[in-house]
Amino acid sequence: MKNSYLSAAIVFISISIVPLIAEDTVPKKTLAIIYEEGKTPDALFHKAFEYFKKLTDTGELKSAELGTAKMFGEVIDVQTATDSSTAAKYEKDVAAIEVRNRIETANVPYSARFTILSTNLFFGDKSLGYVLNPYRGCYQHDYLAKGIEQKGFKIVDTSENPDITMTIGIDACMSEDEFKEYVQKNTALKIKNDNTVASSQQRGPSFGDDLMRSGSSAQLGTPTGGSNVGVAVAGVGLALNVVSWLTTKSPQERDVIRYHAKFEGKDKKTLDFYPIVITTKTHKAGDTIYLGSYQEAENLLYTSLLAWDTEDKTLIEKIPPVLLEKDVLKATEMMVATKKY
C-alpha cells in the first residue's frame, strides 16, 4: 500500500436543506450521550490524584485532597511540609514531577504535565497550592452538547428511548512532544543514527504542520442521487519522514486528542471509530494541554455525527481504516510513512 494512502482523516459536512415548514414545528431527533467509563477528564484526574495522595504517605507532601476551586474546575488541594515561599514552591514542583514520572512509567497515552498554582502568595500559608486538571482541555461536555443542539438535535437521557445514542471516551490526550515520546518508546518507529536524523530533518516536515494539510477528498451524494445533502470525506495526507517527525521540536506545541466514539441509532448502521485531531492552536513547549483544545476535537465529532446521521452506510464504507484502528500506536504507524533506512 502506498504511503500516500496511509492517512488520517477529518470529516467535513455540508448540508443544505430548504425548510418547508417553520423551524419550531420540525420534530428534532433525540440524542443521548454516554461517557465511557474511566475516560472522562475527571476520571483521568482522579487517577492522577491517587499518585498525589501517595506522596503524602512518603512525606513529599503534607496533604493532598480533592478541592473545589470552581473557576478552575476540579482541582487537587495540596500542602507542603514547609511554609517558606521558596521551599514550598520547590516541594510542589518536585511533587508534580514525581507524579509525572509515575504516569509515564504507567505507559498510558494521557498527559503527565501538571500545573500547581500557589495560594496566598503574599501573605498567609505559603505551603498551600492547588493542582489544575490538565485533561479539561481534552473534552468538554457542555461545548459538545451545545454544538449538537445547534445542529438540530435534542439532548435527552438514555431512559427516554433516544433516536441516537453517542458513546464517547478520551482515548488519548497529550501534548505533541509527549505523544512523540510515547510513540517512540512503544513502536518500531526508531531513530537509526545521527546521520539519518540530520538528513531527514532537512527534507521532512513537522508532524503537526503536515497533518493539517489537506489531502484527497470524495464527494458523497444521497442514496437517491439527490442534491439536497452533500457529505464530503476529506483525507488529510500524512507521508513524512519518521525520524524527522520523532526528532522535530518546536518552541510552540500542538496537542494530540483522540476519542473513542460510537454512534448507534434506530434504522442506522453502528459506527464505532476513533477520530483524532492534531490541534491548529499551539501553546508554549513544555506547558500543559491548551484549555481550548477540545473545541477542535469536538467540532470533528459532531460534524462526523451529522455525516453519519445523513449517510450512515456510505460514510462507514468510505471512512479511512486509520479511524477504525483501536490501537493508538498502530493507528499512528498507519498515519506515518514507514520508510526503511
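Calculation criteria
- Residues numbered from 1 in each chain as written.
- Predicted model: local features only at pLDDT ≥ 70, side-chain atom pairs only at ≥ 80, totals over all residues.
- Heavy atoms only, no water.
- Helix = DSSP H or I, 4+ residues; strand = E, 2+ residues; numbered from the N terminus.
- Buried < 20%, exposed > 50% of the residue type's maximum accessible area, 1.4 Å probe, protein only.
- Contact = heavy atoms within 4.5 Å.
- Areas by Shrake-Rupley, 256 points an atom, 1.4 Å probe, with all protein chains shown as cover.
- Axes fitted to C-alpha atoms, helices over the stretch in contact; angles between N-to-C directions.
- Parallel < 35°, antiparallel > 145°, perpendicular 65-115°, else oblique.
- Nonpolar A, V, L, I, M, F, W, Y, C, P; charged D, E, K, R; others polar.
- Phe/Tyr/Trp six-rings, centres within 6.5 Å; stacked < 30°, edge-to-face > 60°.
- Lys NZ or Arg CZ within 6 Å of the ring centre and 35° of its normal.
- Left-handed = near helix turned anticlockwise from the far one by under 90°.

**Q** I'm lost on the overall build of the chain in this one. Help?
**A** When you go through the chain residue by residue, the secondary structure sums to nine helices and 15 strands. Here the chain holds 341 residues, and the buried ones make up 46% of them. A separation of at least 24 residues holds for 75% of the contacts in the chain among residues at least 6 apart in sequence. Total accessible area computed for the chain in this model is approximately 17100 Å², and 51% of it derives from carbon and sulfur atoms.

**Q** How should I be thinking about the packing of helix H4 (residues 176–186) against helix H9 (residues 328–335) in this particular structure?
**A** Helix-helix packing is described using two parameters, namely the angle between the two axes and the distance between the axes. At a minimum axis separation of 11 Å, H4 and H9 run at an interaxial angle of 100 degrees. With respect to H9, the element H4 is oriented roughly perpendicular. Contact residues: Phe179, Tyr182, Val183 and Asn186 in H4; Val328, Leu329 and Thr332 in H9. Taken together, the residues of the contact of H4 with H9 sort by class into five nonpolar, two polar and no charged.

**Q** Any chance you could explain the packing of aromatic side chains here in plain terms?
**A** How two aromatic rings sit relative to each other is given by the distance of their centres and the angle of their planes. Evaluated as defined, the whole model comprises seven aromatic pairs. Measuring from centroid to centroid gives 5.4 Å for tyrosine 143 and tyrosine 294, while their planes differ by 75 degrees, and the two rings are edge-to-face. Here tyrosine 294 lies in helix H8 (residues 293–318) and tyrosine 143 lies in helix H3 (residues 141–150), a separation of 151 residues in the sequence. Residue class for tyrosine 143 comes out partly exposed when judged on its relative accessible area of 25%. Under the relative-accessibility criterion, tyrosine 294 is labelled buried at 13%. A network of ring pairs unites the aromatic residues Tyr35, Tyr139 and Tyr259 as a single cluster. Lying over the aromatic face of tryptophan 308, lysine 268 brings its terminal NZ or CZ to 5.8 Å of the ring centre.

**Q** Please clarify how the packing of H3 against H8 should be interpreted in this entry.
**A** Look at H3 against H8: their axes get within 10 Å of each other, and the N-to-C directions meet at 35 degrees. Considering the relative orientation of H3 and H8, their crossing is right-handed. The residues of H8 that touch H3, namely those facing Tyr143, Leu144, Gly147 and Ile148, are Tyr294, Gln295, Glu298, Asn299, Leu301, Tyr302 and Leu305. When its residues are assigned to classes, the contact of H3 with H8 shows seven nonpolar, three polar and one charged.

**Q** Got a minute to help me understand unusual backbone geometry in this structure?
**A** Excluding glycine, a negative phi dihedral is what most residues carry, and trans is how most peptide bonds are arranged. Although it is not a glycine, asparagine 107 adopts a positive phi angle of roughly 60 degrees. The phi dihedral of asparagine 161 is positive, around 50 degrees, even though this residue is not glycine. The class of asparagine 161 is exposed, set by a relative accessible area of 53%.

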